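# Understanding the architecture of this molecule
The lines below spell out each chain.
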Amino acid sequence: MHLICTHEQADFDAVASLWAASLLHPEAAPVLPRRLNRNVRGFLTRYAEDFPLRERSEIKIKTLRELTLVDSQSPVSLKGFGPDTQVNVIDHHPLQGDLDPGWELQVEVVGATATLLVESLQNEGKDLSGPSATLLLLGIYEGTGSLIYPGTTPRDIRASAWLLEQGASLAIASDFLNPPLSAEQRSLFEQSIDSPSTVGEIMSRGPQLLDPSETVAEAAERMKRYGHEGYPVTDSGEVVGLITRRAVDRAVAHGMQSRPVSEIMEAGSLVVHPQDSIRHLQRMMVEHNWGQIPVSDPFNGEVIGIVTRTDLLNSLGNSSNSQSNQGMIENLEHALTAERLALLRLIASESEASEVALYIVGGFVRDLILGTPSMDFDLVVEGDAIALGESLAAQYGGQARSHRRFGTAKWQLDPQNENLKSALQLDPSEVPETVDFVSARTEFYSYPTALPSVKEGSIKLDLHRRDFSINTLALRLDGHHYGQLSDPWGGGKDIRDKQIRVLHSLSFVDDPTRMLRAVRLEQRLGFTIESRTLELLERALPLLDNVSGERIRSEILAILKEPSFGSIMLRLKQLGLLQAIYPALDWDDWIESRMSAAREFSPPASWKLERIPTLSERFYALWLYRLSASEARGVCERLHMSQSEAAVVMKAGRQNCDLAQSRPPSEWAACLDAEPEAALAVTWLALEDQAVARQIIENYLKHWRWVQPTIDGDRLHELGLAPGPAYGRILGALRAAWLDGEISSAEGEQQMLAALLREAGEGG
């Protein structure tokens, strides 16, 4: 076993170094000392969920294979420690003279041990979460007196700058630094912070609650399904305790699955109210060590929300980097037409009257920040979306159609409704035909690659079910919250850093098609898939085998509509995604050049095509053009292509005649008559560099296929020829003669017909 330890009465430098070493050695267990400085204990209490450090009592070992000491050169008393234990020391204190010569030492003169470990994290290309960067910054700042102690080195300053780039929060650091910041520094920090002031602004509404009689197994299943770290336990509506994942895991380990949660919960009736200050919330979390605190209605005591350490961390850490309300309002009002903005305000007013929160979410908000918004937006209601849609239809006309299973409503507007026209005071014909409303919801996956099951939830949980952090921003619209930006999952920072990041390590396991969407967004926005997300993507490639062809085809169709289509396909190839879909799939310059022409393809009217092949038919046929017939058929089956798409794919470039040969028109026509015209059109696109072959297809589509003799079967019957194979031979010979120029008039056709009839008669 490999342990990472530090000295007793640990300060921020010691604990930060402990955590950094565990990031560098994920197989090792970071062990907290028995005694911590008070400010360090307060920090870890508040942000415990972000730092899974081990208590000494949890460690059960027989043999200690390796021990890493950080900010210390004295081995702690550990069972299993012996002469065969490999010891590594990382420290900034002067070297002690009595150390074992067999130990590995990294003892360097810098202001803080955390600096040494930050440099190692940089060298290994590690990306840090905001909480991790903040803890490491605290370690350096405490060790260097906020970079003003004489022992501070340029290395400490460079490490601190990198941590700020990684998302370290000066606002949080200023609360815990000891010694404190100077008055000038504190004033600067306070000017940069515009954090929420009340619990109601950061809480999640509609929390899930547990009954005291529910079993440990039921609690474990719910945590597994929804990913929550804790649940309030309520009895007859009153909070009686809190159950945490750690307690559940321990109970399961002891075989207590059938016991009620009341036996293992943290007992207590701790609640906060929406109007309570953030400072009050901080004190409650530190004093009671609850990572999730229920929020109750102060009038009736009903539990209406929950606030977590993560909510608190985000409210303090992200706020200084978020856009101001006024800035977001200005962006929104410049992005939308006057009619759509008036409609949005009308909906927001009704939402406020109904006492439900209304948000624009997702890609619209992302693009609003980037300065490239669209006219379409998704509206999420933290409450009953169906009731809101029905209320709007009742007052302003139109119809509201709902899907109660998913909590969605579609309001189909009536532009001629007098109430609507009066409310908008604008031309109602300029508003969209429909507006969609969705109730905020959470979701879970029964098994990897399954479609999600949904359940009503808060806006925070609704945003967490989305694919990438940059799509988790929400802009609130109702009442005095108008223009308030919610960014609970760090999407704003990722937009600024131009990176694509999944929200959790099982994101691609839950839905492997997100890998395709990651590449699509990366190339569309000019962003980069961040390193950890890229690592998770590479590990999840085999899971695409379990995704239905329809879902993959849907993602490919979305890619096909992107302006940066070619770069997306090339990136899919580079990351191994094409091969993961089907091993024979490829992308190169030849396909790229053909697809550029295919996207603009408009066949000449002289071809008289019954149906122009669709963009997807053109795409698939050209993409698979150079594959063998068996490989192309395999791709068609893997993607469950439609019959029309598969028919074009299997025929394009696979005609039964060689277009490179020299033949008379009659032979070309006889060969090409059996081919679907859509497949011939795609083959023509593929033969961009083969003028002769292209000309053959053009001649066939424009001329040859329309050439027919004036004589038909009825005329042959009138002339007394008995029905039989001779009909086909005669009509075919006449058509061939017309095509090859052997006859060019009705008289010539009659002469040839007479000769053919004599031959038929002589043949019996």
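Secondary structure summary: the chain contains 34 helices and 22 strands in total. Computed over the C-alpha atoms, the radius of gyration of the chain is 35 Å, more than 25% above the 27 Å expected from 2.2 N^0.38 for a compact globule of 764 residues. Principal-axis analysis of the C-alpha atoms gives the chain an extent of 115 × 80 × 55 Å. Per-residue burial for the chain yields a buried fraction of 52% across its 764 residues. Taking as baseline every contact in the chain between residues at least 6 positions apart, the subset at least 24 positions apart corresponds to 64%. On the chain, the mean spot of the 73 positive side-chain charges and the mean spot of the 105 negative ones are 3 Å from each other.

With respect to topology, three strands assemble into an open sheet ordered 6-11-10, the strand pairing being antiparallel. Sheet topology places strand 6 (204–205) and strand 10 (292–296) at the edges, where each strand pairs with a single neighbour. Inspection of the sheet shows strand 10 paired to strand 11 (residues 303–308) by five bridges, in the antiparallel sense. Residue pairing for strand 11: I293 is matched across the bridge by V307.

The subject of this paragraph is the nonpolar core. A general feature of soluble globular proteins is that nonpolar side chains tend to end up buried together. Counting residues in each nonpolar core, the largest one holds 120 residues, and the members touching the most others are L332, L379, W411, F437, L577, F619 and W623. Among the elements that line this core, the one with the most residues is helix 30 (residues 677–686), at eight residues. If we skip the residues at most four places from it in the chain, W623 touches I556, M569, L578, L585, D586, W587 and I591. The next biggest cluster of nonpolar side chains, apart from the first, holds 46 residues, and it includes A14, L36, L136 and L137.

By the definition in use, this model includes 16 aromatic pairs. Measuring from centroid to centroid gives 6.5 Å for F12 and F176, while their planes differ by 80°, and the two rings are edge-to-face. Pair noted here: F12 is in helix 1 (residues 12–24) and F176 is in helix 6 (residues 170–176), with a separation of 164 residues, a long-range link. Using a relative accessible area of 8% as the deciding quantity, one classes F176 as buried. On the basis of an interplanar angle of 85° and a centroid distance of 5.2 Å, the ring pair of W607 and W684 is categorised as edge-to-face. Of this pair, W607 sits in the loop between helix 25 (589–599) and helix 26 (615–623) while W684 is found in helix 30, placing the two residues 77 residues apart along the sequence.

For the rest of this paragraph, the subject is the side chain of T144. Locating T144 in the fold gives a position in helix 4 (residues 130–144). According to the relative accessible area criterion, T144 is buried, its value standing at 1%. Among the polar contacts made by the side chain of T144, one reaches the main-chain carbonyl oxygen of I140 at a distance of 2.8 Å. Sequence-distant contacts of T144, that is, excluding residues within four places in its chain, are made with G111, Y149, T152 and D156.

As a further point, take the sheet that holds strand 13 (residues 378–382). Reading across the sheet, the seven strands line up as 14-15-16-13-12-19-20 and stay open at both edges, with mixed pairing between neighbours. Only two strands of the sheet have a single neighbouring strand rather than two, namely strand 14 (399–403) and strand 20 (484–486). Strand after strand, the sheet turns through a mean of 30° between neighbouring axes, direction not considered. Direction of pairing for strand 15 (residues 408–412) relative to strand 16 (residues 434–439): antiparallel, over a ladder of five bridges. What sits directly across from T408, in strand 16, is V438. Set on the sheet, helix 14 (residues 363–370) makes contact with strand 12 (357–361), strand 19 (474–476) and strand 20; between it and strand 12 the angle comes to about 65°.

Before going further, it helps to spend a moment on helix 15 (residues 385–396). Look at helix 15: 16 Å from first C-alpha to last across twelve residues, which is about the 16 Å you get at 1.5 Å a residue. Three or more residues of helix 15 are buried, namely A385, I386, L388, G389, S391, L392, A393 and Y396. N-cap assignment for helix 15: the residue whose side-chain oxygen lies 3.1 Å from the backbone N of I386 is D384. Where helix 15 terminates, the next one or two residues include G397, which has phi positive at roughly 80°.

Next up on the list: the pairing of strand 14. In this sheet, strand 15 lies alongside strand 14 in antiparallel orientation, the contact comprising five bridges. Within strand 15, the residue paired with Q399 across the bridge is Q412. Hairpin connection, strand 14 to strand 15: the antiparallel pair is bridged by four residues, and G407 has positive phi, about 65°.

On to helix 30, then. Burial analysis of helix 30 places ten of its ten residues in the buried class, which makes it a mostly covered element. Buried within helix 30 are the following residues: E677, A678, A679, L680, A681, V682, T683, W684, L685 and A686. Among the structural elements, helix 25, helix 26, helix 28 (643–651), helix 29 (665–672) and helix 31 (691–702) are those in contact with the buried residues of helix 30.

Take the environment of S602 next. Checked against the element boundaries, S602 lands in the loop between helix 25 and helix 26. Residue classification places S602 among the exposed positions, given a relative accessible area of 61%. The sequence separation of S602 and I612 amounts to ten residues, and the corresponding C-alpha distance is 8.2 Å.

Counting through the fold element by element, R65 comes out in the loop between helix 2 (38–46) and strand 3 (66–70). Between the C-alpha atoms of R65 and D84, which are 19 residues apart in sequence, the distance is 7.3 Å. What R65 contacts, discounting residues up to four positions off in sequence, is M1, H2, D84, T85 and Q86. Within polar-contact distance, the side chain of R65 engages the side chain of E66 at 3.2 Å.

Below, the discussion takes up unusual backbone geometry. The phi angle at L147 is positive, at roughly 70°, despite the residue not being glycine. Look at L147 and you get partly exposed, because its relative accessible area is 24%. With a phi close to 50°, H640 is a non-glycine residue in the positive phi region. Mapping H640 onto the fold places it in the loop between helix 27 (629–638) and helix 28.

Tallied over the entire structure, the rule returns 36 salt bridges. Overlapping salt bridges bring together D467, D511, R517, R520, R524, R551, E555 and E562 as one network.

On to the packing of helix 30 against helix 31, then. At a closest axis distance of 9 Å, the pairing of helix 30 and helix 31 adopts a crossing angle of 150°. As judged from the angle between their axes, helix 30 and helix 31 are roughly antiparallel. As helix 30 packs across helix 31, the resulting crossing turns out to be left-handed. Across from E677, L680, T683, W684 and L685 in helix 30, the residues of helix 31 making contact are R694, I697, E698, Y700 and L701. Of the residues belonging to the contact of helix 30 with helix 31, the class tally is six nonpolar, one polar and three charged.

This part takes up the packing of helix 29 against helix 33 (residues 725–740). Running from N to C, helix 29 and helix 33 point in directions that differ by 125°, and their axes come no closer than 8 Å. Relative to helix 33, helix 29 is oriented oblique. In contact with P665, S666 and A669 of helix 29, helix 33 contributes R735, A736, L739 and D740. Classifying every residue of the contact of helix 29 with helix 33 by side-chain character gives four nonpolar, one polar and two charged.

The next thing to look at is the side chain of R520. With respect to the secondary-structure elements, R520 resides in helix 20 (residues 514–525). Residues contacting R520, with those up to four places away along its chain left out, are E555, A558, I559, E562 and I568.

Parameters at a glance
Residues numbered from 1 in each chain as written. Predicted model: local features only at pLDDT ≥ 70, side-chain atom pairs only at ≥ 80, totals over all residues. Heavy atoms only, no water. Helix = DSSP H or I, 4+ residues; strand = E, 2+ residues; numbered from the N terminus. Rg over C-alpha atoms; globule rule 2.2 N^0.38 Å. Buried < 20%, exposed > 50% of the residue type's maximum accessible area, 1.4 Å probe, protein only. Contact = heavy atoms within 4.5 Å. Lys, Arg positive; Asp, Glu negative; His and termini not counted. Charge placed at Lys NZ, Arg CZ, Asp CG, Glu CD. Pairing = 2+ DSSP bridges. Core = buried A, V, L, I, M, F, W, Y, C linked by side-chain atoms within 4.5 Å. Phe/Tyr/Trp six-rings, centres within 6.5 Å; stacked < 30°, edge-to-face > 60°. Polar contact = N/O pair within 3.5 Å; in protein donor to acceptor, adjacent residues only side chain to side chain. Axes fitted to C-alpha atoms, helices over the stretch in contact; angles between N-to-C directions. Expected span 1.5 Å × (residues − 1). Salt bridge = Lys/Arg side-chain N within 4 Å of Asp/Glu carboxyl O. Parallel < 35°, antiparallel > 145°, perpendicular 65-115°, else oblique. Left-handed = near helix turned anticlockwise from the far one by under 90°. Nonpolar A, V, L, I, M, F, W, Y, C, P; charged D, E, K, R; others polar.

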